[in-house]
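Reading the structure
Below, each chain spelled out in residue letters.
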Amino acid sequence: MESDQTFPELRSVVLDTTDARALAEFYRKLLGYVYRAGDEPPAAGEPDERGHDWLVIHHPSGHPRIAFQNVSTLPRSTWPENEPVPQQLHLDTSVPTVQDLELQRKRALELGATLLYDRSQDEQEPLYVFADLAGHPFCIFVAAR
């Protein structure tokens, strides 16, 4: 590889959704992220122009970023069945302990996630797979040390 070669930088993972604001709020609360300046929810009673198009949240450090793009229709993934709608993409998140896994399972469900798969008793890599509000699968697992 040549030293003067440049590469694109991964800017955001973008999730399609029929409700960008609701999905952004779900992941903001789940991950402790913040809105990109200008993407915050409007004041009560004000129209949410940005929430009907494109929103970005990010870790307080600035990266990583997740963007939400409004679409008119979106078939829910049928994972773990691959037909008729495979998962296509999923987010992996991790926690350090089994106790943290259980805490985050409860939080995810309280925020509106749907439990799709429970492998919490696995001794090698305990995990849960959920669907977010738009049906995108995501995992929370105990990272191996």
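Since this is a predicted model, take the numbers as computed values, not measurements. (Residues numbered from 1 in each chain as written. Predicted model: local features only at pLDDT ≥ 70, side-chain atom pairs only at ≥ 80, totals over all residues. Heavy atoms only, no water.)

Quick notes on the environment of lysine 106
With respect to the helices, strands and loops of the structure, lysine 106 is situated in helix H2 (residues 98-110). Distance from lysine 106 to serine 77, taken between C-alpha atoms, is 22 Å for residues 29 residues apart in sequence. (Helix = DSSP H or I, 4+ residues; strand = E, 2+ residues; numbered from the N terminus.)

Some remarks on unusual backbone geometry
Following histidine 63, the chain continues into proline 64 via a peptide bond in cis, with omega recorded as 0°. Cis geometry marks the peptide bond from tryptophan 79 to proline 80; its omega dihedral reads 20°. If you trace the backbone, proline 80 turns up in the loop between strand S4 (65-70) and strand S5 (91-95).

Here's the deal with the packing of aromatic side chains
Remark: the centre distance and the inter-plane angle together describe each pair of aromatic rings, the angle taken between the planes. The full count for this structure, using the stated rule, is seven aromatic pairs. Measuring from ring centre to ring centre gives 5.8 Å for phenylalanine 26 and phenylalanine 138, while their planes differ by 65°; the resulting arrangement is edge-to-face. Highlighted residues: phenylalanine 26 in helix H1 (residues 20-31) and phenylalanine 138 in strand S8 (residues 137-142), separated in sequence by 112 residues. Each member of the pair, phenylalanine 26 as well as phenylalanine 138, is classed as buried. Ring centres 6.1 Å apart and planes at 90° place the aromatic pair tryptophan 79 and tyrosine 117 in the edge-to-face group. Residue tryptophan 79 is located in the loop between S4 and S5, and its partner tyrosine 117 is located in strand S6 (residues 114-119); the two are separated by 38 residues in the primary sequence. (Phe/Tyr/Trp six-rings, centres within 6.5 Å; stacked < 30°, edge-to-face > 60°. Buried < 20%, exposed > 50% of the residue type's maximum accessible area, 1.4 Å probe, protein only.)

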